[in-house]
Amino acid sequence: MKRLLSILENWKYELLLYALVQHLYISVFFKDMDFYMHIIWPFNMIFLGLASVGVFLGKGKWLVRVKNLLLLLVVFLPIFQIFKNNVIYLQVSSLIYMGFFFIIFGEVIKFLLKPKYINLDLLMAAGCGYFLLIEISAFMLQFLVYNDPSSMAHLDMSSVPNTFVDMVYYASIIQTSIGFGDITPLSHTTKMVTSFFGVMGQIYNVVLVGILISKFSTANQNGKDA
C-alpha cells in the first residue's frame, strides 16, 4: 500500500494527465457506444479517481471526503442508465461530473502557483489544467443542453455517449479557439457560457505562460546568484 501511495504521489500529474486524455478521447477506438458507456466509462472513472489520489495527499480531510464522495457518484452513475431518458437524472449527473473535475482543477491551479522552478511536474500539471477545463466546460454545456435541447444546433442527441462525444469535441474547439461552426449555441445562455469558457481558456493560457516565464526567470536568477 505504501509503495502504491508513493507511486501515486511521485507520478501524480503524469498519471492524471494520462487519465484525463484517455477519458476524453478513448471513445475514438469504440464503435459500440453502449459498450463504451457501460463498460469502458466506469473503468475510466475508477482510473481517474486513482490518478487523482496523489493530488489530494496531505490535503484537508473535508476536501478529500468531498472528492471521494463525488468520485463514488461518478463511478456508479453509469449503472443507472435505465434512467437515461430522465432529464433530471441527466442534468444532475452532468453537474456531479462537473463538480468532480472542478475540485481537481482547483488543486492543480494551487500547485501551479507554488513552485519557484520549472520541472516535469509543473509541465504535466499545466497540461492537466487544460484538459480539466475541457471536462468542466463539456459537462456544463451538457447540463444546459439536457435542460433545453433546442439551445444548441447540430448535436447528436440520439444517446448519452454520442452527446458527450459531441460535447467533448465542442469544448475542445472552444478551448483552442478554432471555431469550425458545425455545432453552434442558439440560446442566450449557451452563447454566454460558450463565451465564458472561451475567455477562461485564453486567460488560462496567458496566466500559464506568465507563470512559466516567471519561474524560468527566477530559476535563472538564482543560478546566477549562486
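Every chain's residues receive numbers from 1 upward, in the order its sequence appears when written. Since the coordinates come from a predicted model, pLDDT governs what is reported: local features require at least 70, and pairs of side-chain atoms require 80 or more to be given and counted, while whole-chain, interface and lining totals use all residues. Hydrogen atoms and water are omitted, and side-chain values are computed over all heavy atoms in the structure.

### Here's the deal with the overall build of the protein
- Put simply, DSSP marks the helices as runs of H or I at least four residues long and the strands as runs of E at least two long, and each gets a number from the N terminus on. Helix and strand counts for the protein come out as nine helices and two strands.
- In sequence order, the protein lays out its α and β elements as α-α-α-α-α-α-α-β-α-β-α.
- Put simply, the radius of gyration uses C-alpha atoms, and a globule should come to 2.2 Å times the residue count raised to 0.38. For 226 residues, the compact-globule estimate of 2.2 N^0.38 gives 17 Å, and the protein sits close to it at 19 Å.
- Three exposure classes are used, based on accessible area relative to the maximum for each residue type with a 1.4 Å probe and protein chains only: buried under 20%, partly exposed in between, and exposed over 50%. Across the 226 residues of the protein, 48% fall into the buried class.
- Partitioning the contacts of the protein with sequence separation of at least 6, the portion at a separation of at least 24 is 73%.
- In this description, accessible areas are obtained by the Shrake-Rupley approach with a 1.4 Å probe, and a residue is regarded as covered only by the protein chains that are shown. Taken as a whole, the protein presents about 11900 Å² of accessible surface, with 69% of it coming from carbon and sulfur.
- Counted as positive: Lys and Arg. Counted as negative: Asp and Glu. His and the chain ends are not counted at all. A single reference atom marks each charge: NZ on Lys, CZ on Arg, CG on Asp, CD on Glu. Put simply, the protein has 15 plus and 12 minus side-chain charges, and the middle of one group is 14 Å from the middle of the other. Two residues qualify as a contact provided that any one of their heavy atoms is within 4.5 Å of a heavy atom in the partner residue.

### Considering the environment of Val193
- Tracing the backbone shows Val193 in helix α9 (residues 188-225).
- Its relative accessible area of 15% is what places Val193 among the buried residues.
- Sequence separation of Val193 and Val209 is 16 residues, and the distance between their C-alpha atoms is 24 Å.

### A look at the nonpolar core
- Nonpolar cores were defined as sets of buried Ala, Val, Leu, Ile, Met, Phe, Trp, Tyr and Cys residues, with membership established by side-chain atoms within 4.5 Å. Residues Met45, Phe101 and Val108 are the most contacted members of the largest nonpolar core, which totals 67 residues.
- Listed by contribution, the elements that provide at least two residues to this core are α2 (12-25), α3 (33-51), α4 (53-56), α5 (61-76), α6 (87-113), α7 (120-147), α8 (160-176) and α9.
- Looking at which element gives the most residues to this core, the answer is α7, with 17 residues.
- Apart from the residues within four sequence positions on either side, Phe101 is in contact with Leu20, His23, Met45, Leu48, Leu132, Glu135, Ile136 and Phe139.

### Remarks on the packing of aromatic side chains
- Pairing of aromatic side chains requires ring centres within 6.5 Å, counting the rings of Phe and Tyr and the six-membered ring of Trp. Pairs whose planes differ by under 30 degrees are stacked, by over 60 edge-to-face, and all others tilted. Tallied over the full model, the rule gives 16 aromatic pairs.
- Where Phe30 meets Phe35, the ring centres are 5.9 Å apart and the plane angle is 45°; that geometry is what we call tilted.
- Overall, Phe30 belongs to the partly exposed group, its relative accessible area being 23%.
- A centroid spacing of 6.3 Å and a plane angle of 45° characterise the contact between Phe105 and Tyr204, whose relative ring orientation is tilted. A residue pair is termed long-range when its members are at least 10 positions apart, and Phe105 in helix α6 and Tyr204 in helix α9 qualify at 99 residues.
- Joined through ring pairs, the aromatic side chains of Phe30, Phe35, Tyr36, Trp41, Tyr97, Phe100, Phe101, Phe139 and Phe164 make up one cluster.

### Brief notes about the packing of α2 against α7
- Axis definition: a line fit to C-alpha positions, over the contact stretch in the case of helices; interaxial angles, taken between N-to-C directions, run 0 to 180 degrees. Running from amino to carboxyl end, α2 crosses α7 at an angle of 30°, the nearest separation of the two axes being 8 Å. By the angle between their directions, the pair α2 and α7 is classed as roughly parallel. Two packed elements cross with a definite hand, and for α2 against α7 that hand is left-handed. Facing Tyr13, Glu14, Leu16, Leu17, Leu20, Val21, His23, Leu24 and Tyr25 of α2, the residues of α7 in contact are Leu120, Asp121, Met124, Ala125, Gly127, Cys128, Phe131, Leu132, Ile134, Glu135 and Phe139.
- Grouping the amino acids of the contact of α2 with α7 by side-chain chemistry returns 15 nonpolar, two polar and three charged. Our angle categories are set so that under 35 degrees counts as roughly parallel, over 145 as roughly antiparallel, 65 to 115 as roughly perpendicular, and the remainder as oblique. Helix crossings get a hand from a simple test, with the near helix turned counterclockwise from the far one by less than a right angle marking a left-handed crossing and a clockwise turn marking a right-handed one. Under the grouping applied here, Gly and all other residues not named as nonpolar or charged are polar, the nonpolar ones being Ala, Val, Leu, Ile, Met, Phe, Trp, Tyr, Cys and Pro and the charged ones Asp, Glu, Lys and Arg.

### Observations regarding α3
- What we call the bend at a residue is the angle made by axes fitted to the seven residues finishing there and the seven residues starting there. At Ile40, α3 is deflected by roughly 40°, the largest bend along its length, and proline Pro42 occurs up to four residues later in sequence.
- Among the residues making up α3, those that are buried are Met33, Tyr36, Met37, Ile40, Trp41, Pro42, Asn44, Met45, Leu48, Gly49 and Ala51.
- Those residues of α3 hidden inside the fold are in contact with α2, α4, α5, α6, α7 and α8.
- A distance of 3.1 Å separates the backbone nitrogen of Asp34 from a side-chain oxygen at the start of α3, and that oxygen is part of Asp32. N or O atoms closer than or at 3.5 Å make up a polar contact, with two conditions inside protein: a donor-capable atom paired with an acceptor-capable one, and, for residues adjacent in sequence, both atoms drawn from side chains.

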